[in-house]
Amino acid sequence: MNRRDFLKKAAQLGAVSFVGASVPTFLLTACDSKGNSHSTPQALPPPAKNPFADGDTEILIRTFLGNETRRFYGKGTPKGLNVINKFYLDCGRTIVGTTTKHWCGAGWTGQPTIIKEKDNLNLVIGAYDHNLRRIDVNSFKEVWKYKNDDVMKGSSSVYIDETAPFDDRVVVLQGSRLGKGKVVYSDNLVPSLRAVSFRTGKELWKLNVPRTECYSRDNDSSPIYLGNGMLFNAVESGFGMFMSSKVSDKSLIDGIEQPKIFGKVKLYNTEDVAAHGNNIVVEASPARLDDMIYIASGAGHIYGIDINKMEVVFDFFTGTDIDGTTVISKDGKVYCALEKQYVPGQGGILKLNPLKPAIDSVEWFFPTKNANVADWQGGVIGTCSLNDDYNPDGEFPRLFATLAIDGNLYVGSQDVVTGEKVNDTLMKNQYDTPVLAAKAYIGASISTPIFTEGNKIVAPTYNGLYLYQLIFEKANNSKEKLPVNAKGDKFKVKLEKLAHFNEKTSFEATPVVWDGLIYQCCRDGYLYQLG
């Protein structure tokens, strides 16, 4: 019996009366052998502790796409895309192949985490000038910055280590490229993941990314805190690593303080190395469903990893490169974005039922058009978004949204399929395909759109940042296949453009919303606060 049921039952029996509005105490009444009643004050069990709070600090957005399901994008309804504040993140140099690049601002995936301390909001963001920063939202000024060896890609993750000293208890994890002068195929140390104190900005440890057949030793993935003293992080060289979340478990290895490793799983097969020309990079972030982790690999696999066994127990092979992060829906399905590379078919969005064997797990596939943009051939580079947390009562249809290389913002039904079949990436199987609810051509993008309260979508592209309103019209008399809500009502869905910001500027990073304000990094060098 839980606490609420206990109190309800006890009240019915007349055994409970509250002592003071703010004191969790009740009076337990009993009778002695003579029938006289006696009341003894008893303390109620304390409320469940928030594992993401410590004293006056609370982590609100704790990792890429909010939490371990990768479908929480913040709170509040944006009113527009007007600049309220901006912070210059500066520029930095990095080496791609043998070429030195000059990059500004923050790019893929580049979503700030949000932490509240003493009622003040703080953003944590890693940028292309090689710095990780904590920014006070009230003043929009830097609290501290931590200098890294290379540009910081990906998004930070933040968790609480209750066993650490006060200053080190709120831990920021941030990945980066491998570092100036480092060589992938060498015995060099390549510490591409760092742990930094949120409260002080001081380094706590570094993780050396192991050398494999892969041509990268970066760390773009955003780790997740699993509880029970454990983290999970994916490194680009093709491993998923179970690590201790306790700062005190670090030890001096190869001359640097490194975290304790409990175990690791290989996220590619030997035959993938030749098939992908050593591009077996794991750039995606892990998502959690109960005691399972789901993660996409650039080797073409969507893996399911048993947390307790620390081993792969689910392996769906697509053949294509995958950069997008797996997303877990409220009904326990796995959504994954697929690029078009190394395969004859198209990229797009794949929906899997993880309760079935991997080979039988596909519920539908939504292909996007092939398009040559830079080095990309089509498909989806970013991540699929779901409106599950912004449609809590099921009043509107359950939708997904994605931005594609072909230049379209697609919005589709999670549940209703067209009745037609489409080819898979390998052109070997045919699957159901979902109803397309709405689309808008807004230019190529590798970013991730987000749903917000008020049925809006924020969409970053290489053609600026867009704000759209979703408009729902009931259409129960329609004979068309249409998205439906929880009651079975059919809806037509339209996209109304509300605003377009910096239309000649590139946005690769993912936005986040808090209290109706949008925080968005841009390749022009700035972090913007918009509303």
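This section reports on the structure supplied with the text. (Residues numbered from 1 in each chain as written. Predicted model: local features only at pLDDT ≥ 70, side-chain atom pairs only at ≥ 80, totals over all residues. Heavy atoms only, no water.)

Now for the pairing of strand 4 (residues 57-61). When you tally the buried positions in strand 4, you get four out of five residues, the bulk of the element. As defined by bridge partners, strand 3 (residues 53-54) adjoins strand 4 across two bridges and the pair is classed as antiparallel. By the bridge assignment, Asp-54 is partnered in strand 4 with Thr-57. The antiparallel pairing of strand 3 with strand 4 creates a hairpin that spans two residues between the two strands, and Gly-55 there sits at a positive phi of about 60°. (Buried < 20%, exposed > 50% of the residue type's maximum accessible area, 1.4 Å probe, protein only. Helix = DSSP H or I, 4+ residues; strand = E, 2+ residues; numbered from the N terminus. Pairing = 2+ DSSP bridges.)

Read from one edge of the open sheet, six strands run 3-4-8-9-10-11, paired in antiparallel fashion. Only two strands of the sheet have a single neighbouring strand rather than two, namely strand 3 and strand 11 (141-147).

Our next topic: the layout of surface pockets. Estimates place the volume of the largest pocket at around 1200 Å³. Lining the largest pocket are 43 residues, with Val-96, Trp-103, Lys-153, Arg-177 and Glu-283 positioned closest to its centre. Elements supplying a minimum of two residues to the lining of the largest pocket: strand 6 (91-96) and strand 7 (99-104). Counting residues per element, the lining of the largest pocket draws most heavily on strand 6, which supplies four residues. Of the residues that constitute the lining of the largest pocket, the class distribution is 16 nonpolar, nine polar and 18 charged. What lines the second largest pocket is a set of 15 residues, among which Phe-316, Phe-317, Asp-424, Asn-429 and Tyr-431 lie closest to the centre. Tallying contributions element by element places strand 25 (residues 311-317) first for the lining of the second largest pocket, with three residues. (1 Å grid on protein atoms, 1.4 Å probe; cavity = no way out; pocket = protein on both sides within 12 Å on 5 of 7 lines; lining within 4 Å. Points joined across faces, edges and corners; volume = space filled by probe spheres on them. Nonpolar A, V, L, I, M, F, W, Y, C, P; charged D, E, K, R; others polar.)

Burial analysis of strand 13 (residues 170-175) places six of its six residues in the buried class, the great majority of the element. The alternating pattern of strand 13 places Val-170, Val-172 and Gln-174 on one face and Val-171, Leu-173 and Gly-175 on the opposite face, and all of these are buried. Here strand 13 runs beside strand 14 (residues 193-197); their pairing, made up of five bridges, is antiparallel. Of the residues in strand 14, the one forming a bridge with Val-171 is Ser-197.

Another aspect to go through is the pattern of salt bridges. The tally for this structure, following the rule as stated, stands at 28 salt bridges. In this structure, Lys-492 engages Glu-480 in a salt bridge whose closest nitrogen and oxygen atoms are separated by 3.5 Å. Within this pair, whereas Lys-492 is found in strand 39 (residues 491-501), its partner Glu-480 is found in the loop between strand 38 (464-474) and strand 39, the two being separated by twelve residues in sequence. Each of Asp-54, Glu-117, Arg-134, Arg-169 and Arg-199 takes part in salt bridges that share partners, so that together they form one network. (Salt bridge = Lys/Arg side-chain N within 4 Å of Asp/Glu carboxyl O.)

Keep in mind these numbers describe shape, not what the thing actually does.
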